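Next come the chains, spelled out residue by residue.
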Amino acid sequence: WAAGTLAQAYRPQLPDLSSLTLLLPAAAQIPRLRRQLTQHCGPILGPSISPLAGFAAQAKSVSTLSSLDCKLILTEALRAHPGAFPDQDPATLAEALFSLFEELSANTPDLAQDEARFLARIERGYGAQLAQASSEAKAIHLLWSAYLRDTAGRSPAVAYTQQLRDALTTLK
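Quick caveat, the model's predicted, so the values are computed rather than measured.

This part takes up the packing of helix H3 (residues 52-59) against helix H8 (residues 156-168). As a packed pair, H3 and H8 sit with axes 7 Å apart at the nearest point and diverge in direction by 80°. Put simply, H3 runs roughly perpendicular to H8. Contact residues: H3 offers Leu-52, Ala-53, Phe-55, Ala-56 and Ala-59, while H8 offers Tyr-160, Gln-163, Leu-164, Asp-166, Ala-167 and Leu-168. Across the contact of H3 with H8, the residue classes tally to 9 nonpolar, 1 polar and 1 charged.

Here the focus is the confidence of the model for the chain. Predicted coordinates in regions of low pLDDT should not be interpreted in detail. Put simply, the chain has an average pLDDT of 88, and 95% of its residues get 70 or more. Across the chain, the secondary-structure element scoring lowest on mean pLDDT is helix H6 (residues 115-126), at 81, and the one scoring highest is helix H4 (residues 67-80), at 96.

Enumeration according to the criterion identifies 3 aromatic pairs in this entry. Ring centres 6.5 Å apart and planes at 80° place the aromatic pair Phe-98 and Tyr-147 in the edge-to-face group. Pair noted here: Phe-98 is in helix H5 (residues 90-107) and Tyr-147 is in helix H7 (residues 131-151), with a separation of 49 residues, a long-range link. Take Phe-98: its relative accessible area is 9%, and that puts it in the buried class. Summarising the aromatic geometry, the rings of Phe-101 and Tyr-147 are spaced 5.6 Å apart at their centres and angled 45° between planes, so their arrangement reads as tilted. Residue Phe-101 is found in helix H5, and its partner Tyr-147 is found in helix H7; the two are separated by 46 residues along the sequence. The same class applies to Phe-101 and to Tyr-147, which are both buried. Among the aromatic side chains, those forming a connected cluster through ring pairs are Phe-98, Phe-101 and Tyr-147.

Calculation criteria
In this numbering scheme, every chain counts its residues from 1 along its sequence in written order. This being a predicted model, a pLDDT of at least 70 is required before a residue's local features are given, and a value of 80 or more before pairs of side-chain atoms are given or counted; all residues contribute to the totals for chains, interfaces and linings. Calculation of side-chain values draws on the structure's entire complement of heavy atoms; hydrogens and water are dropped beforehand. Lines fitted to C-alpha atoms define the axes here, with helix axes fitted over just the stretch in contact, and angles between the N-to-C directions of these axes take values from 0 to 180 degrees. Counting from the N terminus, the helices are the DSSP runs of H or I reaching at least four residues and the strands are the DSSP runs of E reaching at least two. When an angle is under 35 degrees it counts as roughly parallel; over 145 it counts as roughly antiparallel; between 65 and 115 it counts as roughly perpendicular; any other value is oblique. Two residues form a contact once any of their heavy atoms are found within 4.5 Å. Amino acids are sorted into nonpolar (Ala, Val, Leu, Ile, Met, Phe, Trp, Tyr, Cys and Pro), charged (Asp, Glu, Lys and Arg) and polar (every other residue, Gly among them). The predictor attaches a confidence to each residue, called pLDDT, with possible values from 0 through 100. For this analysis, a ring pair means two rings from Phe, Tyr or Trp (six-membered ring only for Trp) whose centres lie within 6.5 Å, classed as stacked if their planes differ by under 30 degrees, edge-to-face if by over 60, and tilted for the remaining angles. A simple rule labels every residue: compare its accessible area, found with a 1.4 Å probe on the protein chains alone, to the largest value its type can have, and call it buried under 20%, exposed over 50%, or partly exposed in between.

Structure follows, in structure tokens:
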């Protein structure tokens, strides 16, 4: 489908598609797209095709902390806020929260700045206001904010998002 659409949209430029940059979710998709482009267009001077991660890495505008470094930073944040999850081992909890915070940072970074919006999103997700969920959500928000502050934009998800933004500015 994508190859046919590209062939039709860029027919006037055929056989030279070298000015195009195509971004795909995964590198494994690149050979298939190249084959399909050749089937639809015949012999061509092909476009630049990159996976998103590879494209973002070209920018390398932000140094990235390792997952281990982030988990250690999160462990320290948990120790600094012992009331957030009492009677829990900070290192074990940091291991579990790291994935959650990376996912939140990648998908809803704006919620980190606004506790009320974060709590409203949690309430919508549960379908009702639950007192326990609300107190846990406040603790999660507090720790997520501390995590973002302490990693200073260098956690894997935040750094990747920034590198992708920076790389996208290089496109025409």
